[in-house]
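Residue strings, one per chain:
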2 protein chains.
Amino acid sequence: MKILIVDDEKDILEFLSYNLQKEGFEIFTASNGSTALKIAKKEVPNLIILDVMMPEMDGIETCEKIREIEALDSTLILFLTARSEEYSELAGFSAGADDYVTKPIKPKLLISRVNALLRRSQSKKAQSFIEIEELKIDKDKHLLLHKGQVVDLARKEFNLLYYLMTVPAKVFTREEIISNVWKDTFVGDRTIDVHIRKIREKIGDKYIKTIKGVGYKFDV
Amino acid sequence: MKILIVDDEKDILEFLSYNLQKEGFEIFTASNGSTALKIAKKEVPNLIILDVMMPEMDGIETCEKIREIEALDSTLILFLTARSEEYSELAGFSAGADDYVTKPIKPKLLISRVNALLRRSQSKKAQSFIEIEELKIDKDKHLLLHKGQVVDLARKEFNLLYYLMTVPAKVFTREEIISNVWKDTFVGDRTIDVHIRKIREKIGDKYIKTIKGVGYKFDV
DNA sequence: CTGTATGTTAAAAAATTGTTAACTTTTAAT
DNA sequence: ATTAAAAGTTAACAATTTTTTAACATACAG
């Protein structure tokens, strides 16, 4: 794994190089934005650690330039910021950063963040919504759209439908449904049926199918 | 751009004033921490350059006091340190500094760092407001406009609304809200409800939606 | 047909949120 | 430093919605 570290302060470059090299990463360094761009183009690192604060071309600007280079499309960018800013305010994210660490840098924390980032990039980023035919269900927004119309579902109804939709066409037994949607509370079988009915009332009968003697499945 | 320079040595004050004035900044000076606080409160400078080593109230202490003043929330602080300290040990960052420069001061370096800092704060400012339909909320100005009219929100109300608006349509759980708006103080669920109610009183019911069993979301 | 599984309904029970007012803390002004 | 005003928090309870159950109806496989 190649990591490019960009900072105008030699102390920090050495400090980070030392700590990351110890972890077995291949380290490149640059002390300003334009050098960083050159090295990045040549080496195509997996991760670039960028100091936000640099004279001339600062981290944000460098980040934006990097994001314009197609070859560096899957390169991760981690920012070093001086003071902890609120996540949602951090300008770096809009410039295309993937994570940030605040100074003063604790080597252990940095290393775990670097590893987490690289691990995460291996697996695809999970989408928060599932879209099947005329139905779109979004867990983050807790929103169900049916033919573009918002459908109001209570929490259990929502969770149940979402669960069925996670694996379309698979039949879920009531047992599976209870242990996944209700977790550790016990409910009778009829309870599930009632919820299914309420969902059907709201989105129509065609989506949820009953497999007699087995359970329910979401299917189109 | 207003810059407040704080140092107990007159020579340095003059030296820095001269160099920064030449760059077109509006300069204020103070020779000790308590004077600095008074001037800072009155002038609300964009940047404060603080000498770490001062008799009585030192730079670190002054910095902490400044950080407690809400009006100076977006004021940047740059430290002057006498000798290069081990980077990871620099106490200034934990006190809320944004950057530091080591003595002896090279005017060119200082100016480029000052410019980099101010540029950063500008780009932060550029994305400090969110506008959705008839609502415009500006974090820096702590200002909410509803149909072009100013709406007075208390601080917590403001922060809560701003937080919800950062990701429109996403449902935030009370847990998320508490850890982001209240940070590390514990409050009961009812407290959030009360704040939500007060916001609704001021901007109407249509914007903040309750997702029963989940949380609240901002949606149009 | 018959027995079992599922559908349906309404009502009870439980959970969640809304609201008010009292109280505490913070902030700003003197 | 004192004090008044504003902001923030909480408890108590009301209102609302969700969830569950029980009872009974219906469907369907064999």
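Being a predicted model, the structure only gives us computed values, none of them experimental.

Re the overall build of chain A
- Regarding its fold elements, chain A presents eight helices and twelve strands.
- Per-residue burial over chain A gives 48% buried out of 220 residues.
- Intrachain contacts of chain A at a sequence separation of at least 6 include 53% that bridge at least 24 residues.
- Entry remark: accessible area of chain A is about 11600 Å², with carbon and sulfur atoms responsible for 48%.

Notes on unusual backbone geometry
Residue and element names in this part refer to chain A.
- Positioned with a positive phi, Val44 is a non-glycine residue whose angle comes to about 45°.
- The residue Val44 is located in the loop between helix 2 (33–43) and strand 3 (47–51) in this model.
- The backbone of Ala169 shows a phi angle near 75°, a positive value even though the residue is not glycine.
- Inspection of the secondary structure puts Ala169 in the loop between helix 6 (155–166) and strand 10 (171–173).

Let's talk about helix 3 (residues 59–67) of chain A
- Along helix 3 of chain A, the positions that sit buried rather than exposed are Gly59(A), Ile60(A), Thr62(A), Cys63(A) and Ile66(A). The buried residues of helix 3 of chain A occupy an angular sector of 165° when the element is viewed end-on, so they sit on one face.

Topic: the protein's contact with DNA strand C
- As a matter of local geometry, DNA strand C sits amid 26 residues, with Arg197(A), Thr210(A), Tyr216(A), Arg174(B) and Tyr216(B) nearest to it.
- Backbone atoms, meaning sugar and phosphate, form 66% of the atoms of DNA strand C found within 4 Å of the protein.
- Arg200(A) has a polar side-chain atom sitting 3.0 Å from a phosphate oxygen of DNA strand C.
- The side chain of Thr210(B) places a nitrogen or oxygen atom 2.9 Å from a phosphate oxygen of DNA strand C.
- Those elements that place two or more of their residues in the surface near DNA strand C are helix 8 (189–203) and strand 11 (208–211) of chain A together with helix 8 (189–203) and strand 11 (208–211) of chain B.
- Within the surface near DNA strand C, the residues separate by chemical class into eight nonpolar, four polar and 14 charged.

Section: the protein's contact with DNA strand D
- Surrounding DNA strand D, one finds 25 residues, the nearest of these being Trp182(A), Lys198(A), Ala154(B), Lys156(B) and Lys212(B).
- Backbone sugar and phosphate groups make up 69% of those atoms of DNA strand D lying within 4 Å of the protein.
- A distance of 3.0 Å separates a phosphate oxygen of DNA strand D from a polar backbone atom of Lys156(A).
- Within the contact set of DNA strand D, a phosphate oxygen lies 3.0 Å away from a backbone nitrogen or oxygen of Gly188(B).
- Only helix 6 and helix 8 of chain A together with helix 6 (155–166) and helix 8 of chain B provide two or more residues apiece to the surface near DNA strand D.

Points about a negative patch on the surface
Residues and elements named next belong to chain B.
- On the surface, Asp8, Glu9, Asp11 and Glu14 cluster together to form a negatively charged patch.
- With respect to the secondary-structure elements, Glu14 resides in helix 1 (residues 10–22).
- Owing to a relative accessible area of 54%, Glu14 belongs among the exposed residues under this scheme.

Some remarks on the sheet that holds strand 9 (residues 149–151) of chain B
Residue and element names in this part refer to chain B.
- If you walk across this open sheet you meet the four strands as 6-7-8-9, and the pairing is antiparallel. Edge positions in the sheet fall to strand 6 (129–132) and strand 9, since each has one partner strand and no second. On average, adjacent strands in this sheet sit at an angle of 20° to one another, irrespective of strand direction.
- Sheet topology note: the strand 6/strand 7 (residues 135–138) ladder contains four bridges and is antiparallel. Its bridge partner lying in strand 7, Glu131 is registered against Lys136.
- Contacting strand 6, strand 7 and strand 8 (143–146), helix 6 crosses the sheet at an angle of about 110° to strand 7.

A short note on the pattern of salt bridges
Residue and element names in this part refer to chain B.
- Throughout the structure, instances matching the rule amount to 18 salt bridges over all chains.
- Across the pair Glu176 and Lys170 runs a salt bridge, and its minimum N-O distance is 3.4 Å.
- Lys217 serves as the salt-bridge partner of Asp219, at 3.6 Å between the closest nitrogen and oxygen.

As for helix 7 (residues 174–182) of chain B
Residue and element names in this part refer to chain B.
- Here helix 7 has its buried residues at Ile177, Ile178, Val181 and Trp182. Considered in projection along helix 7, the buried side chains sweep an arc of 100° and stay on one side of the axis.
- Where helix 7 is buried, its residues meet helix 6, strand 10 (171–173), helix 8 and strand 12 (215–218).
- Taken from the residues just after helix 7, Lys183 is the one with a positive phi, measuring 55°.

So, how was this worked out
- Residues numbered from 1 in each chain as written.
- Chains lettered and ligands numbered in written order.
- Predicted model: local features only at pLDDT ≥ 70, side-chain atom pairs only at ≥ 80, totals over all residues.
- Heavy atoms only, no water.
- Helix = DSSP H or I, 4+ residues; strand = E, 2+ residues; numbered from the N terminus.
- Buried < 20%, exposed > 50% of the residue type's maximum accessible area, 1.4 Å probe, protein only.
- Contact = heavy atoms within 4.5 Å.
- Areas by Shrake-Rupley, 256 points an atom, 1.4 Å probe, with all protein chains shown as cover.
- Arc of directions from axis to C-beta.
- Near = heavy atom within 4 Å.
- Polar contact = N/O pair within 3.5 Å; in protein donor to acceptor, adjacent residues only side chain to side chain.
- Nonpolar A, V, L, I, M, F, W, Y, C, P; charged D, E, K, R; others polar.
- Patch = residues over 30% accessible without salt bridge, like charges linked within 9 Å, V, L, I, M, F, W, Y side chains within 5 Å.
- Salt bridge = Lys/Arg side-chain N within 4 Å of Asp/Glu carboxyl O.
- Lys, Arg positive; Asp, Glu negative; His and termini not counted.
- Charge placed at Lys NZ, Arg CZ, Asp CG, Glu CD.
- Pairing = 2+ DSSP bridges.
- Axes fitted to C-alpha atoms, helices over the stretch in contact; angles between N-to-C directions.

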